Amino acid sequence: MNPVSRSVIPLTLTLAALTLTAACTTGTAGPNGSPGTAPAAGAAEIPGMPDPAAEAAPGVAAAILFDLGPIVTDTNGFTLYRYDKDSVNPPRSKCTEACSRTWIPAKADGDLVVIGLDRALVGTVTRDDGTRQLTLAGWPLYRNADDAMPGDTGGQGVDDAWFPAKPDGTKVLLTADTWQADDLGI
Amino acid sequence: MTSASDATRGFFRVVRVLLAVTTAAAATVLGPVGDAHAQELSAADKNLIVNVKLAGLWEMPAGMWAQERGKSKRTREVGRTLMIDHGRLDTATHAIADRFGLALPREPSDQQSAWLGEMKTARDDSEFDRIFANRLRYAHGVLFPVIAQVRAGTRNDLVRDYATTANQAVLRHMTLLESTGVVDQSLMPEAPVPQSNSANAAMDVGFGELALGLLLAVVLGGGLFYALRALRGKNTRTRERAAAAEPEPVPSAPGGLDV
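Owing to the predicted nature of the structure, the values given are computational and were not obtained by experimental measurement.

So what's going on with the overall build of chain A? Residues and values would help.
A count of helical and extended segments in chain A gives three helices and twelve strands. Within chain A, the proportion of its 186 residues that are buried is 45%. Long-range contacts, defined as pairs at least 24 residues apart, comprise 63% of the intrachain contacts of chain A with a sequence gap of at least 6.

Given below as structure tokens:
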């Protein structure tokens, strides 16, 4: 190979590459964002799945979501939330009346099922209306009436006070919009 | 060396002119493409969304049954995790389908229903564990490359995010199902035989436009011919000296990797 062709070949390749680059970078406009939280058909629509309105056996279970990591759910797989305005020591729920129709207190009557988390962290509190509610590390637990599917976290961040609970009782702060950046190191 | 650097400068001038011409041509031919298609779903995009929905329609009940009936503790845990993850995926699936007005199936396919039937009629709980892990692992193995191809090639930004999410979930589910220890890999869909030279062929895809391909061929070919002629004329002495000093290039070894 002589010096002429040795200098010409890389230059030609560079030229071709630049042309390709120019072709590829034209027109990148389009909608941005990630899959949002539009209402889904819901578990009740799927044959063989529990109706979200049906009462789950009392108890809590730990789960690890593929995107948000560890959370706590009820025994049907629906996300359990905690409320920043509640008191922990002693436990006391500040979500009553209308609030408790959107945020349904997790029932604590009968034998409690505890799957995958520290049983010592699980307790109960008596609500103002006399019913008993599950607590985790002292935090009263709730299900969001708008969650239609197991694992939904549509109530996350509502009023800056509602968050899915982690198995240790802390809050899930990672969101469906931020996990990819976190997970893939962007 | 003076003549050599003159020749190089001359060559760079030629390159700059060629570059300007081809860049302008590419911009003209491909300019408006991105905007026009970003709002629509391709057939491949739709196929992915519908198939993720179908997967959820049978894997959620399957996961729930495994949580209740699974013989091994691991099967029960995996079933529960799959049910919850597919619940999340289903919500994302409906969000993107609603965004683009895509109708979604409400029932699993006949094959998926048959797999659910197998699980229901399993003779005992250990047979249930095997059917659950192998049927679900097989179905995930079919879906995985569908997701990967859309993730790699879709023109739609929302679908790209959605495919990233689905890819993460399905990769995790295959691994979880295998962790039950009862998956028979010989039953899984095999990777296709690679096409020869597929990497090089893939590089050509960007030149889909026939007009652009022809234009580039003419411009590059003509430019190269001109440049070679100009350099050869000015550069003979340098070339001869260099050729005498340099060793012969080593021929590529027969049977070696020649790609």
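There is more to say after this.
Can you explain helix 5 (residues 110-120) of chain B? Please cite residues and give values.
Quick reminder: α-helices carry 3.6 residues per turn. Residues three or four places apart thus point the same way. All names here are of chain B. Residues of helix 5 that are buried: Gln-112, Trp-115, Leu-116 and Met-119. Taken down its axis, helix 5 places every buried residue within 100° of arc, on the same side. Projecting away from the buried face of helix 5 at angles above 90 degrees are the exposed residues Asp-110 and Lys-120.

Residue-level account of the environment of Arg-151 of chain B, with values.
Residues and elements named next belong to chain B. By the element assignment, Arg-151 lies in helix 6 (residues 125-153). Note on Arg-151: relative accessible area 34%, which makes it partly exposed. Between the alpha carbons of Arg-151 and Asp-45 there is a distance of 9.3 Å; along the sequence they are 106 residues apart. Here Arg-151 is in contact with Arg-160, Ala-163 and Thr-164, once residues within four sequence places are set aside. A polar contact of 2.7 Å, which involves the side chain of Arg-151, links it to the side chain of Thr-164.

Kindly report on the sheet that holds strand 9 (residues 132-136) of chain A, identifying the contributing residues and their values.
All names here are of chain A. The strand order 8-9-10 describes an open sheet built from three strands, whose pairing is antiparallel. In this open sheet, the two strands that pair with only one neighbour each are strand 8 (122-126) and strand 10 (139-140). Looking at chain direction, strand 8 and strand 9 are connected through five bridges and run antiparallel. For Thr-126, the partnering residue across the bridge sits in strand 9 and is Arg-132.

Could you give an account of the state of the cysteines, with specific residues and numbers?
Residue and element names in this part refer to chain A. Tallying each qualifying case throughout the model produces one disulfide over all chains. Across the disulfide, Cys-95 is cross-linked to Cys-99 (sulfur-sulfur distance 1.9 Å). Across the disulfide from Cys-95 to Cys-99, rotation about the S-S bond amounts to roughly -105°, and the bridge is consequently left-handed. Classification of Cys-99 as partly exposed rests on a relative accessible area of 24%.

Let's hear about the pattern of salt bridges: which residues, and what values?
Overall, the coordinates contain 13 salt bridges over all chains when judged by the stated rule. For the salt bridge of Arg-74 of chain B with Glu-77 of chain B, the shortest nitrogen-to-oxygen distance reads 2.9 Å. Of the two residues, Arg-74 of chain B and Glu-77 of chain B are both situated in helix 4 (residues 73-99); the distance of three residues between them amounts to about one turn of the helix. Across the pair Arg-135 of chain B and Glu-118 of chain B runs a salt bridge, and its minimum N-O distance is 2.8 Å. Note that Arg-135 of chain B is positioned in helix 6 and Glu-118 of chain B in helix 5, a separation of 17 residues in sequence. One salt-bridge network, held together by shared partners, links Arg-82, Asp-84 and Lys-171 of chain A.

Give a detailed account of the side chain of Thr-93 of chain B, specifying residues and quantitative values.
Residues and elements named next belong to chain B. The topology assignment puts Thr-93 in helix 4. Judged by relative accessible area, which is 0%, Thr-93 ranks as buried. Beyond its immediate sequence surroundings of up to four residues, Thr-93 is in contact with Ile-49, Val-52, Lys-53, Leu-104 and Tyr-162.

Describe unusual backbone geometry, and please don't skip the residues or the numbers.
Pro-90 of chain A follows Asn-89 of chain A through a cis peptide bond whose omega is 0°. Its identity as a non-glycine residue notwithstanding, Ala-137 of chain A has a phi of 50°, on the positive side.

Give a description of the side chain of His-140 of chain B that names residues and reports values.
Residue and element names in this part refer to chain B. With respect to the element layout, His-140 can be found in helix 6. A relative accessible area of 1% places His-140 in the buried class. Apart from residues lying up to four places away in sequence, His-140 is in contact with Glu-59, Leu-82, His-86, Val-170, His-173, Met-174 and Leu-177.

Describe the packing of aromatic side chains, and please don't skip the residues or the numbers.
Residues and elements named next belong to chain A. A full pass over the atoms with the stated rule returns eight aromatic pairs over all chains. Note on Phe-66 and Trp-179: the rings are 6.0 Å apart at their centroids and 85° apart in plane angle, and the pair reads as edge-to-face. With Phe-66 in the loop between strand 1 (59-65) and strand 2 (69-73) and Trp-179 in helix 3 (residues 179-184), this pair connects stretches of sequence that are 113 residues apart. Judged by relative accessible area, Phe-66 falls into the buried class, the value being 8%.

With reference to specific residues and values, describe the nonpolar core.
Among the nonpolar cores identified, the biggest contains 57 residues, and Ile-49 and Phe-132 of chain B are the most heavily contacted of them. Elements supplying a minimum of two residues to this core: strand 1 of chain A together with helix 3 (43-69), helix 4, helix 5, helix 6 and helix 7 (157-178) of chain B. With sequence-adjacent residues up to four places away left out, Phe-132 of chain B is seen in contact with Ala-62, Gly-63, Ala-66, Thr-75, Val-78, Gly-79, Met-119 and Leu-177 of chain B. Counting residues in hydrophobic clusters, the runner-up holds 13 residues, among them Val-60, Val-72, Leu-80 and Val-122 of chain A.

Conventions we followed
Residues numbered from 1 in each chain as written. Chains lettered and ligands numbered in written order. Predicted model: local features only at pLDDT ≥ 70, side-chain atom pairs only at ≥ 80, totals over all residues. Heavy atoms only, no water. Helix = DSSP H or I, 4+ residues; strand = E, 2+ residues; numbered from the N terminus. Buried < 20%, exposed > 50% of the residue type's maximum accessible area, 1.4 Å probe, protein only. Contact = heavy atoms within 4.5 Å. Arc of directions from axis to C-beta. Polar contact = N/O pair within 3.5 Å; in protein donor to acceptor, adjacent residues only side chain to side chain. Pairing = 2+ DSSP bridges. Disulfide = S-S within 2.5 Å. Salt bridge = Lys/Arg side-chain N within 4 Å of Asp/Glu carboxyl O. Phe/Tyr/Trp six-rings, centres within 6.5 Å; stacked < 30°, edge-to-face > 60°. Core = buried A, V, L, I, M, F, W, Y, C linked by side-chain atoms within 4.5 Å.

Shape is all these values report; function is a separate question.
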